[in-house]
Structures are given as structure tokens and as C-alpha cells.
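Read off the chains here:
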Amino acid sequence: MAERYLDCLGEACPVPLVKTQNELATMAPGDVLVVGIDHTCAMKNVPDWARSQGYNVDIDEVGEGEWEVVIEKA
Amino acid sequence: MDVKKEPEVKLSYYDTLLKKEWSYVTGAVLISAFAMALNAFSGIWGVSGPLATWGGKFLTLIGVNADSWSIYNGSLAKYQFFGNKPSITDIGLLMGALIACLLAAQWKIRNIKHWKQAAAAAIGGLLMGIGAKMANGCNIGGLFSQLPQFSGAGWVFLLFVFLGATVGGKLLKFFMPPASNKRPNRKRLTEEQRKRNRTIQIAVGAALLVLCAIVAAVVAPKYPSAPAFILIGLGLGYSMQRSRFCFTAAYRDPTLTGETKLTKAVIIAFALCTVAFFGFHISSYGADMSKLDPTKLPGNPINLSLLVGAFIFGIGAVLAGGCASGTFIRMGEGYVQNYISFVFFVTGSTLGGFITGGLKNTFMVAGPKVYLPAVFGGYVPALIIQLAALLGLWVLADWWERRKHAMTH
């Protein structure tokens, strides 16, 4: 059960989602990826995509307009 | 860390009213409603048009006599911000998004972290400026306000902007900051400090809203239409920010990430506006088109300049991280990358003015207007065919996302 952080702060769509997809592809089921995001669109499309993959997702607003999206690969 | 299925959190009134993001479909419905209100009031919505004028105004400001150039031809001296519809709605988009972001307490300066982002924004902005000039409009004027008014040029724009975005998606990897797994060491605020920041943001948002109302009241006597444009611009900006609506993502994401949720929402917006234009055009031109002057068909002509322009625009919008409307929205939200792309968008629009000036009367701009009701012999067949085509695209988009999801498993 590895946990990894992915820094997507300051990055615009579609970069955060592309990076998240690439990162998760190298991870095993049960692993957790925490994606740091401050793009308002990416805080919607990254969790949307992850949920549609059947992964568990949690969004934490860690600061004003800054989120950590926690994805558990299924 | 244990990730639980999200518990059913009951949202507070504040979260529901001002913070929680809306669905894409909610965005599609509201954006269509505002765009059609604008249309009923004074013609179609456009975004990229004023940028070349702003470029010329800036040159005048630094002492260049741009107004004597053939592309401006004295129009700069006559330009008045509050007398120019798209100028008002553009700044309205920015202000609406800024206010939405502040009221949600999510505003911050979003800085770039790598020079590659600045390069992408500059190249993308330049390409968008030139492309929008050549194609007679951006995602809004060339597509969202074009396709639903039964203009064949809208469909052609859609095809070529999609091809451009696909190329842009391939180029994007050269501009992506390298992946980093290091958590930046950011200072976290205490609950108390965050509460205070939230209050400040909401207060500033409310103050800006009042300021917009005051501006509308002040300019109203001289510019009677301006208050309506301000209201609609703010409404569009607020709705786009709150629903995270993005026209570029609609044709960028299917090939890049396999996502089509925004594609489907944009198709819904097209369908809603198609029905509205069906009504507008029948009331303007008569159900039998008897009041339609065949030399003054609605919409843009289809020509090589449109094909090239839409293609270039598609590449630019993907690299820059937002089209024209998206750039204004994200400037409101505080994205440094989009301010860079804006400067180059203005530059590109000004350059584009020279390019389109040079193309005048050449084969590049030779081509007819294709007005679908004239092609299909009436408004009802045109409506049915256009809605059927949109439904076909929707089904295709839906199938595409399912297929992509099945492939990754």
C-alpha cells in the first residue's frame, strides 16, 4: 500500500489529469495517490475521471482555492 | 492513508449557494440562456473581436499611429469601451468569474512554476489570435454562436478546431512541466486564519458586485444598452466559473484523456441554442424565408481561411490552457499563465488583422455562406437534421468515453 504525492499546483487543464492518469498507470491496486491541484477545472475533472474508473476519491480543500485529491486505485 | 467512500456530507447553505461547483449541464443551460438573451437583445455573442482593437489602442498609447493603418482605418479614435458590446461582455466574463471565485473563497494568484508554461501560453496565445482572425471568430463567435444559427461554417469550424486540438494535444507534452512527486512545503493556515480569509474574500466579491452595479448606473444615460451587456457578461462569467465550463475541453479531451462529459454538455448547449435560433430566424425571416435577402445570409462564409484559422486556433487553445472566453474566466480566477496568453492573444489578433487584410480578394477567402435552412428547404427540416446530427455526436461521445474506460481496465 504505497502512497505517492503528485504536484500539479500551478498547472492548467488538461495537464493535471494527464499526469494523474500517467502516474496511476504505474501504481498497483490499493495504492494511494494524492494530487495537489489549484486549478478550479482540474479539481472537478480529475475526481470525475477517477470516480468513473471506480476508484475511491476524497477531495480536501487545504487552502483557499487549493485542493488535495486523494485517489485510491482499485 | 485510508480512503473511504465519500460520506454523505450535508452541505451548508453557504456551500450550496456560493461554493459547490455546478454540473456541466447546469452550466450549459445557463450559458445558453444568457447567450440567447444577448442574442434577442442585440445579436450574437462574440469574444475575440475587440482584442485587435485593444492591441491598436495599446500601440496608440505608446505613440504608434496605428489608426492610420488600413486594418484600423480610423476606427480606433471612434472606439468607446461602453459603446462596444463584446468589450463589455469580455470584461464581464472576467469580473463574473472573479466574483464567483471570491464568493466561493477560492481566489488566489495561481503562479506558473516552469518556463515551459510561459512558452506554451505565449505560443498558444499568438496562434489563437491569428486563428480567430482568419476563422472570423473564436470558440464563441466562430462556433457557439455560429453552429446553432444553422451556419455551415460552424460545423466546419468544429471539425477543424477538433483536428487542431488533436495536434495541440500531441505538442502539449513538450510543454508540460516534468512530473514531481515532492510535496511543496506550503504554510498551512489555522482554522481561524482561514475563516478570516474567507470573510475577506466574500466581502471583496460582494463589493465588486456593487461596483459593477454602480458602473452600470453611471454609464446608462450615455450608453443605454451597456447595463444589459454588463449583466449578461457577469452572468456568463459567473456561470462558466461555477460550472467549470470549458469549450476547449469539449473537443480536446476525447482524444487526450478520453473524457467526454464536457463534450456532451457543449452538445446540449448547441441543441438548446439551435431551438432558440429556430424561433429567432423564423420571426426575422418568415417561416418560408420570404423575408431573407439571399445576398445577406446569416453566418460566416466557408473558405480556406476558415479551415486554416480554426485549425490554428485549436492548437493554440490547447497549448494556452483556454480559448478566448476561457482566458477571460481564468484571468478572473488569478491564473498567471492566462495573463501571459492574453497579451499574446492581443498581439496575435493585431498580426492576424494584417494577415486577413492581405488575404482580401484572394482564393483563401473565396467561398459561399452555407445556410442550412436554404440547403434543406425550410426551417423544420433544418432543425430536425441539425438536432439529429447533434444527437448522433452525443451518442458517439458517450460511446467513446465508455470504450476508453473499458480499455483502461
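Residues numbered from 1 in each chain as written. Chains lettered and ligands numbered in written order. Predicted model: local features only at pLDDT ≥ 70, side-chain atom pairs only at ≥ 80, totals over all residues. Heavy atoms only, no water.

**Q** I'd love a proper account of the overall build of chain A, names of residues and values included.
**A** Of regular secondary structure, chain A possesses two helices and four strands. Each helix (α) and strand (β) of chain A, taken in turn from the N terminus, gives the series β-α-β-α-β-β. Along the first, second and third principal axes, the C-alpha atoms of chain A reach 30 × 20 × 20 Å. Within chain A, the fraction of its 74 residues that count as buried is 78%. Counting only contacts in chain A whose residues sit at least 6 apart along the sequence, the fraction spanning at least 24 positions is 63%. Total accessible area computed for chain A in this model is approximately 2000 Å², and 48% of it derives from carbon and sulfur atoms. Counting 5 positive and 14 negative side-chain charges, chain A places the averaged centre of each group 9 Å from the other. (Helix = DSSP H or I, 4+ residues; strand = E, 2+ residues; numbered from the N terminus. Buried < 20%, exposed > 50% of the residue type's maximum accessible area, 1.4 Å probe, protein only. Contact = heavy atoms within 4.5 Å. Areas by Shrake-Rupley, 256 points an atom, 1.4 Å probe, with all protein chains shown as cover. Lys, Arg positive; Asp, Glu negative; His and termini not counted. Charge placed at Lys NZ, Arg CZ, Asp CG, Glu CD.)

**Q** Lay out the state of the cysteines with the relevant residues and their values.
**A** All names here are of chain B. Applying the stated criterion across every chain yields a total of zero disulfides over all chains. Its sulfur unpaired, Cys212 is 15 Å from the next cysteine sulfur, which belongs to Cys101. The exposure class of Cys212 is buried, given its relative accessible area of 10%. (Disulfide = S-S within 2.5 Å.)

**Q** Any details on the packing of aromatic side chains? Residues and values, ideally.
**A** Residues and elements named next belong to chain B. In total, this model carries 18 aromatic pairs over all chains according to the counting rule given. Each ring, one from Trp54 and one from Phe342, has its centre 6.2 Å from the other, and the planes form 55°; the classification is tilted. With a gap of 288 residues between them, Trp54 in helix α3 (residues 50-61) and Phe342 in helix α15 (residues 336-359) connect regions that are remote in the sequence. The pair Trp54 / Phe342 is uniform in exposure class, with both members buried. The rings of Trp45, Phe144, Phe245, Phe247 and Phe270 are connected pair by pair, giving a single aromatic cluster. The lysine or arginine in question, Arg198, covers the ring of Tyr14, its NZ or CZ lying 4.5 Å from the ring centre. (Phe/Tyr/Trp six-rings, centres within 6.5 Å; stacked < 30°, edge-to-face > 60°. Lys NZ or Arg CZ within 6 Å of the ring centre and 35° of its normal.)

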